[in-house]
Amino acid sequence: EPEVTQTPSHQVTQMGQEVILRCVPISNHLYFYWYRQILGQKVEFLVSFYNNEISEKSEIFDDQFSVERPDGSNFTLKIRSTKLEDSAMYFCASRVSPQTNYGYTFGSGTRLTVV
Amino acid sequence: AQKVTQAQTEISVVEKEDVTLDCVYETRDTTYYLFWYKQPPSGELVFLIRRNSFDEQNEISGRYSWNFQKSTSSFNFTITASQVVDSAVYFCALSEATETSGSRLTFGEGTQLTVNP
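As a starting point, this report considers the structure included with it.

Cut-offs applied
Residues numbered from 1 in each chain as written. Chains lettered and ligands numbered in written order. Predicted model: local features only at pLDDT ≥ 70, side-chain atom pairs only at ≥ 80, totals over all residues. Heavy atoms only, no water. Helix = DSSP H or I, 4+ residues; strand = E, 2+ residues; numbered from the N terminus. Rg over C-alpha atoms; globule rule 2.2 N^0.38 Å. Contact = heavy atoms within 4.5 Å. Areas by Shrake-Rupley, 256 points an atom, 1.4 Å probe, with all protein chains shown as cover. Lys, Arg positive; Asp, Glu negative; His and termini not counted. Charge placed at Lys NZ, Arg CZ, Asp CG, Glu CD. Buried < 20%, exposed > 50% of the residue type's maximum accessible area, 1.4 Å probe, protein only. Polar contact = N/O pair within 3.5 Å; in protein donor to acceptor, adjacent residues only side chain to side chain. Phe/Tyr/Trp six-rings, centres within 6.5 Å; stacked < 30°, edge-to-face > 60°. Lys NZ or Arg CZ within 6 Å of the ring centre and 35° of its normal. Pairing = 2+ DSSP bridges.

Another aspect to go through is the overall build of chain A. From N to C terminus, chain A includes 0 helices and 11 strands. Reading chain A from its N terminus to its C terminus gives the helix and strand order β-β-β-β-β-β-β-β-β-β-β. Relative to the globule expectation of 13 Å for 115 residues, the C-alpha radius of gyration of chain A, 13 Å, shows essentially globular dimensions. Structurally, chain A occupies a C-alpha span of about 40 × 25 × 25 Å along its principal axes. Nonlocal contacts in chain A, meaning residues at least 24 apart in sequence, comprise 54% of its contacts between residues at least 6 apart. Carbon and sulfur atoms make up 45% of the accessible area of chain A, which amounts to about 5,800 Å² in all. Charge-centre separation for chain A: the mean point of 10 positive side chains lies 1 Å from the mean point of 13 negative side chains.

Quick look at the overall build of chain B now. Counting its regular elements, chain B contains 0 helices and 12 strands. Going residue by residue from the N terminus, the α and β elements of chain B occur as β-β-β-β-β-β-β-β-β-β-β-β. The C-alpha radius of gyration computed for chain B amounts to 14 Å, which stays within 12% of the reference 13 Å derived for 117 residues, consistent with globular compactness. With the principal axes as the frame, chain B shows a C-alpha extent of 45 × 30 × 20 Å. Of the contacts made within chain B by residues no fewer than 6 positions apart, 56% connect residues no fewer than 24 positions apart. Taking the 9 positively charged and 15 negatively charged side chains of chain B as two groups, their mean positions are separated by 3 Å.

Residue and element names in this part refer to chain B. Tracing the chain through its elements places N52 in strand 6 (residues 46-52). Look at N52 and you get partly exposed, because its relative accessible area is 25%. For N52 and Y32, which are 20 residues apart along the polypeptide, the C-alpha to C-alpha distance reads 5.8 Å. With near-sequence residues (within four places) excluded, N52 lies in contact with Y32, Y33 and F68. Within the local environment of N52, its side chain forms a polar contact with the backbone nitrogen of F54, the two atoms lying 2.7 Å apart.

Let's shift gears to the packing of aromatic side chains. Across all of its chains, the model carries 28 aromatic pairs over all chains by this definition. Taken together, the ring pairs in this structure connect A:Y33, A:Y35, A:F45, A:F91, A:Y104, A:F106, B:F35, B:Y37, B:F47, B:F91 and B:F107 into an aromatic cluster. The ring of A:Y104 carries the charged tip of A:R95 above its face, separated from the ring centre by 3.9 Å. The positively charged end of B:R50 is found above the aromatic ring belonging to B:Y33, 3.7 Å away from the centroid.

To continue, consider the pairing of strand 9 (residues 74-79) of chain B. Residues and elements named next belong to chain B. Most of strand 9 is tucked away, with 6 of its 6 residues classed as buried. Burial along strand 9 is two-sided: the face carrying S74, N76 and T78 and the face carrying F75, F77 and I79 are both buried. One ladder, built from 3 bridges, connects strand 3 (residues 19-21) with strand 9; its direction is antiparallel. Residue pairing in the sheet places V19 in a bridge with I79 of strand 9. Bridge analysis of strand 8 (residues 64-69) against strand 9 gives 6 bridges, and the strand direction is antiparallel. Looking across to strand 9, one finds that Q69 is bridged to S74. Between strand 8 and strand 9, which pair antiparallel one after the other, the connecting turn spans 4 residues, and S73 there sits at a positive phi close to 50°.

Shown next as structure tokens:
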């Protein structure tokens, strides 16, 4: 069964450093997403991406965050200058389209720890 | 704005008991989708079910069943004859169906289910 692949599974970084979280969505999917889950809390939407541009973003997704699909297969989330409160599990997801009968496929997540 | 409420923060049952996880949602849209995801201790999100707003038929899949009631804006999930492996956090989520936007998923707070042997 096709999977969404996220790397790395766990990343530790120092406060103020830039991090890039990587995702390989399912190949025929057109919509891509990043979600965040702070430990013990609910999963929160960050951003959706379609046709090489952001289609929607939440209030969490401020200027410190950016997304990119650099080569047609990878989908990345960059945090420019990490803060302690950025520590969370970050999930990538993809789907064919909102109008199909198929749901979202989530990756296994990247646990980001900012120290 | 859309909202999902899972009022039960934690539920603890003994193996073989039936358990129902509640989910209440709010949306202004007439077309939307409801989901349940399971998050085991390993952390990944496991898709369980997706329903659209026009299909109010209850669904059963093995020990799992879902009751969708539009009149009360609820989409409850029942596990019959629970097992220890069912222990996880369960999230209910809502997505609006739009032509142009990315249709974000809005998650509830989750219910931690613990099944004791």
